[in-house]
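Take a look at the letters that make up each chain.
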Amino acid sequence: MLVELDAPLAPLTTLRLGGPARRLVTATTDAEVVETVRKADETGEPLLVIGGGSNLVIGDAGFEGTVLRIATTGFELDGTVLELAAGEVWAEAVARTVDAGLAGIEFLAGIPGSAGATPVQNVGAYGQEVATGITEVVAYDRRAGETVTLANADCAFSYRHSRFKADPDRYVVLRVRFRLEDAGGLSTPVRYAEVAKALGVGQDERIGLRKAYETVLGLRAGKGMVLDPADHDTWSAGSFFTNPVLTAGQYADFRGRLGERTAPAYPAPDGCTKTSAAWLIDQAGFGKGYGSGPATLSTKHTLALTNRGAASTEDLLALAREIRDGVRAAFGVELVNEPVMVGVSL
Ligand SMILES: Cc1cc2nc3c(=O)[nH]c(=O)nc-3n(C[C@H](O)[C@H](O)[C@H](O)COP(=O)(O)OP(=O)(O)OC[C@H]3O[C@@H](n4cnc5c(N)ncnc54)[C@H](O)[C@@H]3O)c2cc1C
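Given the structure is predicted, the values throughout are model-derived calculations rather than measurements.

## A short note on the packing of helix α2 (residues 90-99) against helix α6 (residues 209-222)
Close contact between α2 and α6 brings their axes to 9 Å; oriented N to C, the two are set at 155°. Here α6 runs roughly antiparallel to α2, going by the angle between their axes. The handedness of the crossing between α2 and α6 comes out as left-handed. Contact residues: α2 offers Val94, Ala95, Val98 and Asp99, while α6 offers Leu209, Arg210 and Tyr213. Class assignment of the residues belonging to the contact of α2 with α6 gives a composition of five nonpolar, no polar and two charged.

And the structure:
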């Protein structure tokens, strides 16, 4: 277990933003994770758990407490059952399942961060989300002071949300178990129109597993959604805003403001409608590359707020607020941030 004092946090985030941690603990075993969490809870020490830092906006003042960096390793495949330690690099784990000829998480290729964080916001992309494949999550329950195993149904997964996100100070994920599928070298059915179009296949068709994986990686790279240290368009936290889910009343109001335009609309649970945050941002006047300061929109994707190299967290937040306020004024829709804010808010 490595313990560092007054440790910079910016290099541990994909945005490269945020001040120092008073204390940074890097844990490489589940026992070290649990011991660190227990000690912090016993002494009332503020605790921040991090994995790959790809969904975090840390304030310029840093974190006055202990930051626990989970760096555990473990990739165990037994037939179609996969168990990942929380610290495993997600994108590498996906690649290994494709190498093993198993379908289930192939469309989640290239997503940065750790396996342990994937259930937290129910990571998803290109028509797939981890909630579909997860069978169990093993976590340390800080309230009960013990390690628990939560079945999928107990994780309250929904769009970019879960029980872990709803109750952020309660669970520290240690292991995630998945049920994958041996479809004879084929992918799960293609659910996403953009992928189907890129491959020239119909939706719900299965395609070669490796083809699916590589197609997604190509689409993501074209949008700056695969990490590349040399490309500032990838110095982001991915999508900065979630796609708004509007109630029937909100949707009627929204449509009333559209005039001649047609906005993307997808059915969502409980009679709601999901629309596209990227479309709203673009139509409100914030195109790709918008901004002239040290934080701008990505030149490849309207939804990614990026650090061009010399930004502070306050620079990034100023841009985020300008966009949120602009979308509200144009469409009456309130954008909500997807990344977790530490010591700051929009
Ligand atoms: C270029 C880019 C593209 C992205 N594309 C996508 C995408 O397509 N789809 C998508 O869903 N997301 C995407 N993201 C967001 C991000 O990659 C995911 O949310 C990822 O799962 C975060 O993992 P992490 O380990 O980096 O988490 P961190 O950023 O380190 O932490 C995020 C949150 O999870 C908590 N956390 C982390 N590990 C644990 C643990 N073991 N137990 C409990 N809590 C924990 C943290 O406390 C924090 O609240 C993208 C990000 C980037 C930078």
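## Topic: helix α9 (residues 313-331)
Compared with an ideal rise of 1.5 Å per residue, which puts 19 residues at 27 Å, α9 spans 27 Å between its outermost C-alpha atoms and is within 8% of the ideal. Within α9 the residues assigned to the buried category are Thr313, Leu316, Leu317, Leu319, Ala320, Ile323, Arg324, Val327 and Phe331. Down the axis of α9, the buried set is contained in an arc of 160°. They therefore lie on one face. On its buried face, α9 is in contact with β4 (56-58), α7 (248-256), α8 (277-283), β16 (295-297), β17 (305-307) and β18 (340-342). In the stretch just after α9, Gly332 is the one whose phi turns positive, near 70°.

## A word on the site of the ligand
Around the ligand sit 33 residues in total, of which Val49, Gly51, Gly52, Ser54 and Ser114 are the nearest. Between an oxygen atom of the ligand and a side-chain N or O atom of Gln121, the distance comes to 2.8 Å. Here the ligand has 980 Å² of accessible area as a free molecule, and 94% of this is covered by the chains. With three residues, strand β12 (residues 171-179) is the largest single contributor of residues to the shell around the ligand. Residues of the shell around the ligand, tallied by class, amount to 17 nonpolar, 13 polar and three charged.

Basis of the calculations
- Counting starts from 1 at the beginning of each chain's written sequence and moves along it residue by residue.
- Reporting in this predicted model follows two pLDDT cut-offs: at least 70 for local features of residues, and 80 or more for side-chain atom pairs to be given and counted; totals over whole chains, interfaces and linings ignore these cut-offs and use all residues.
- Based on all heavy atoms of the structure, the side-chain values leave hydrogens and waters out of the count.
- Axes here mean lines fitted to C-alpha atoms, for a helix over just the part in contact, with angles spanning 0 to 180 degrees between N-to-C directions.
- Helix numbers and strand numbers start at the N terminus; a helix is a DSSP run of H or I with at least 4 residues, a strand a run of E with at least 2.
- Each angle receives one of four descriptions, namely roughly parallel if under 35 degrees, roughly antiparallel if over 145, roughly perpendicular if within 65 to 115, and oblique otherwise.
- With the far helix as reference, a near helix turned anticlockwise by less than a right angle produces a left-handed crossing, and one turned clockwise produces a right-handed crossing.
- Throughout, a contact is declared for two residues whenever any of their heavy atoms are within 4.5 Å.
- Gly is put with the polar residues, along with every residue not named as nonpolar or charged; the nonpolar set is Ala, Val, Leu, Ile, Met, Phe, Trp, Tyr, Cys and Pro, and the charged set is Asp, Glu, Lys and Arg.
- Here a helix's expected span is defined as the number of its residues, less one, multiplied by 1.5 Å.
- Between buried and exposed lies partly exposed: a residue is buried under 20% and exposed over 50% of the maximum accessible area for its type, with that area taken using a 1.4 Å probe on protein chains only.
- Throughout, the arc means that of the directions going from the helix axis to the C-beta atoms.
- In this text, near means that some heavy atom of the residue lies within 4 Å of the molecule or strand in question.
- The term polar contact refers here to a pair of N or O atoms within 3.5 Å; inside protein, the definition further demands a hydrogen-donor-capable atom paired with an acceptor-capable atom, and it admits residues adjacent in sequence only when both atoms are side-chain atoms.
- Surface exposure here means Shrake-Rupley accessible area, sampled with a 1.4 Å probe, where a residue is shielded only by the protein chains that are shown.

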